Amino acid sequence: MAKIGILGAGAIGRLVAQRLRKADQEVTLKGREPVQENDAELWLICTKSYQVKEAVAALSPPCDVPLVLLCNGLGPHQTLAGLVSNPLYLGTTTYGARKSEGAVEMTGRGQCWYGHYRGSKAQLGLVHRVLNLALPPAQCFDNVLAPLWRKLAINAVINPLTARDKVANGALLADTYQAEITALVTEMLPVLAAEGQAFTKEALVAQILAVAEATAANTSSMLADRLAHRRTEIDAINGYLCQKAQMQGLSTPRHLALWQQITALGEH
Ligand SMILES: NC(=O)c1ccc[n+]([C@@H]2O[C@H](COP(=O)([O-])OP(=O)(O)OC[C@H]3O[C@@H](n4cnc5c(N)ncnc54)[C@H](OP(=O)(O)O)[C@@H]3O)[C@@H](O)[C@H]2O)c1
């Protein structure tokens, strides 16, 4: 039995902790309090994307302990790579969880995609076993950036539009949204291609609409954050996309406008 650390006692952190404990694993769930014993063999990072840097800096894990980043979006993986020398794994999940009065409710069963990102691969088996107990089925990718970019591309449309217009995901299936969705996808494709992620316009639009349909009644995480006057994760989604575009000499005016608009709405 491995000692597993979970950093971030929020919705996903608590869900993962609960499921690992049910599977008889030894779990330390760490919030903002100072760490007592830093003897975990693996840390799962379950904070929001913009909280990763501060949370990991305070944790200061021994440098041979693997870290598995489970937050949404891209960008924190590079921040983390510059901050610590630990072996790094990246993951993302489509499970849904909500905190309620100190407990956690699983709002949707999903899956987990993960892969090795940097450093020693020696703990890949442990990472797989833990993620497959916590968020099954866990699927390992040789190039973990592929599923992360795919999720980012879908989130970069569904999240800001639903948050801007205060609508459930299924509203995006209406005819009135189709031209805007296609334009956002068209703008993204060259950026994705420059990152080695090949999509056709038709395939990506179809994937976005399929997710909107499958989650039609859901409030996106960005809309939930907006309604709760919390900071959103737009910097790690449309923000990351726009920064990559700028580095590649590409123009993404619609994504830039959404990034600025959602940022301006944030925490008000
Ligand atoms: N919830 C879901 O259904 C779901 C599904 C898929 C993916 N995700 C992704 O998973 C990530 C976490 O989401 P979540 O919904 O679990 O968010 P959350 O409920 O806000 O949990 C984040 C937790 O991290 C804690 N934290 C922040 N800074 C910290 C620090 N310096 N040290 C220790 N803990 C710290 C927060 O504490 P405070 O409350 O004190 O700030 C909070 O308990 C996000 O990237 C999200 O997009 C979530």
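Residues numbered from 1 in each chain as written. Predicted model: local features only at pLDDT ≥ 70, side-chain atom pairs only at ≥ 80, totals over all residues. Heavy atoms only, no water.

- An unreviewed UniProt entry lists the protein chain under the name 2-dehydropantoate 2-reductase, with Gallaecimonas pentaromativorans given as the organism.
- According to UniProt, the comment filed for the protein chain under the heading Sequence similarities (unreviewed entry) is "Belongs to the ketopantoate reductase family." (UniProt positions renumbered as here; feature names shortened; annotations may be inferred.)

**Side note on the overall build of the protein chain**
Alright, step 1. Within the protein chain, the secondary structure is distributed over ten helices and nine strands.
Alright, step 2. In summary, the protein chain has a C-alpha radius of gyration of 18 Å against a globular reference of 18 Å for 268 residues, a match within 12%.
Alright, step 3. For the protein chain, the spread of C-alpha atoms along the three principal axes comes to 55 × 40 × 35 Å.
Alright, step 4. For the protein chain, buried positions account for 47% of its 268 residues.
Alright, step 5. Of the contacts formed within the protein chain by residues at least 6 apart in sequence, a portion of 65% connects residues at least 24 apart.
Alright, step 6. As displayed, the protein chain has an accessible area near 12200 Å², and 52% of this comes from carbon and sulfur atoms.
Alright, step 7. Within the protein chain, the 22 negative side-chain charges are centred at a point lying 1 Å from the centre of the 25 positive side-chain charges. (Helix = DSSP H or I, 4+ residues; strand = E, 2+ residues; numbered from the N terminus. Rg over C-alpha atoms; globule rule 2.2 N^0.38 Å. Buried < 20%, exposed > 50% of the residue type's maximum accessible area, 1.4 Å probe, protein only. Contact = heavy atoms within 4.5 Å. Areas by Shrake-Rupley, 256 points an atom, 1.4 Å probe, with all protein chains shown as cover. Lys, Arg positive; Asp, Glu negative; His and termini not counted. Charge placed at Lys NZ, Arg CZ, Asp CG, Glu CD.)

**Description of the pattern of salt bridges**
Charged atoms that come close allow side chains of opposite charge to pair.
Alright, step 1. Within this structure, the stated rule accounts for nine salt bridges.
Alright, step 2. Measuring nitrogen to oxygen at the nearest pair gives 3.4 Å for the salt bridge that ties Lys48 to Asp225. Of this pair, Lys48 sits in the loop between β3 (42–45) and α2 (52–59) while Asp225 is found in helix α8 (residues 221–227), placing the two residues 177 residues apart along the sequence.
Alright, step 3. The exposure class of Lys48 is partly exposed, given its relative accessible area of 25%.
Alright, step 4. By sharing partners, the salt bridges in this structure join Lys3, Glu26 and Asp39 into a single network. (Salt bridge = Lys/Arg side-chain N within 4 Å of Asp/Glu carboxyl O.)

**Focus on the pairing of β3**
Side chains on a regular strand alternate between the two faces of the sheet.
Alright, step 1. Of the two faces of β3, the one carrying Leu42 and Leu44 and the one carrying Trp43 and Ile45 are both buried.
Alright, step 2. Across four bridges, strand β1 (residues 3–7) lies against β3 in parallel orientation. Note on β3: the bridge partner recorded for Ile6 is Leu44.
Alright, step 3. Two strands pair when backbone bridges link them, and β3 and strand β4 (residues 67–69) are joined in this way by three bridges, in the parallel orientation. Considered in β4, the bridge of Ile45 is made with Leu69.
Alright, step 4. Following the backbone out of β3, through α2 and into the adjacent parallel β4, one traces a crossover that is right-handed. (Pairing = 2+ DSSP bridges. Right-handed = clockwise from strand over helix to strand, strands pointing away.)

**Considerations on unusual backbone geometry**
Alright, step 1. The linkage connecting Pro136 with the following residue, Pro137, adopts the cis geometry, with an omega of -5 degrees.
Alright, step 2. Turning to its location among the elements, Pro137 is positioned in the loop between α4 (124–134) and β9 (138–140).
Alright, step 3. Of note in the backbone geometry, Ser60 takes a positive phi value of approximately 45 degrees without being a glycine.
Alright, step 4. Tracing the chain through its elements places Ser60 in the loop between α2 and β4.
Alright, step 5. The phi dihedral of Lys166 falls on the positive side, at around 55 degrees, and the residue is not glycine.
Alright, step 6. Summarising the element assignment, Lys166 is placed in the loop between α5 (145–165) and α6 (175–194).

**Details of the site of the ligand**
Alright, step 1. Around the ligand, the surrounding shell holds 23 residues, and the nearest of these are Ile12, Arg32, Asn72, Ala97 and Glu233.
Alright, step 2. Contacts to the ligand include Glu233, whose side-chain N or O atom sits 2.5 Å from an oxygen atom.
Alright, step 3. In the complex, 81% of the free accessible area of the ligand, which totals 880 Å², lies under the protein chains.
Alright, step 4. In terms of residue class, the shell around the ligand is made up of ten nonpolar, nine polar and four charged. (Near = heavy atom within 4 Å. Polar contact = N/O pair within 3.5 Å; in protein donor to acceptor, adjacent residues only side chain to side chain. Nonpolar A, V, L, I, M, F, W, Y, C, P; charged D, E, K, R; others polar.)

**As for the UniProt feature "domain: Ketopantoate reductase C-terminal" (unreviewed entry) in the protein chain**
Alright, step 1. Per the UniProt record, "domain: Ketopantoate reductase C-terminal" (unreviewed entry) is annotated on residues 144–264.
Alright, step 2. As a span, residues 144–264 carries 69% helix and 0% strand, and end to end its C-alpha atoms are 32 Å apart.

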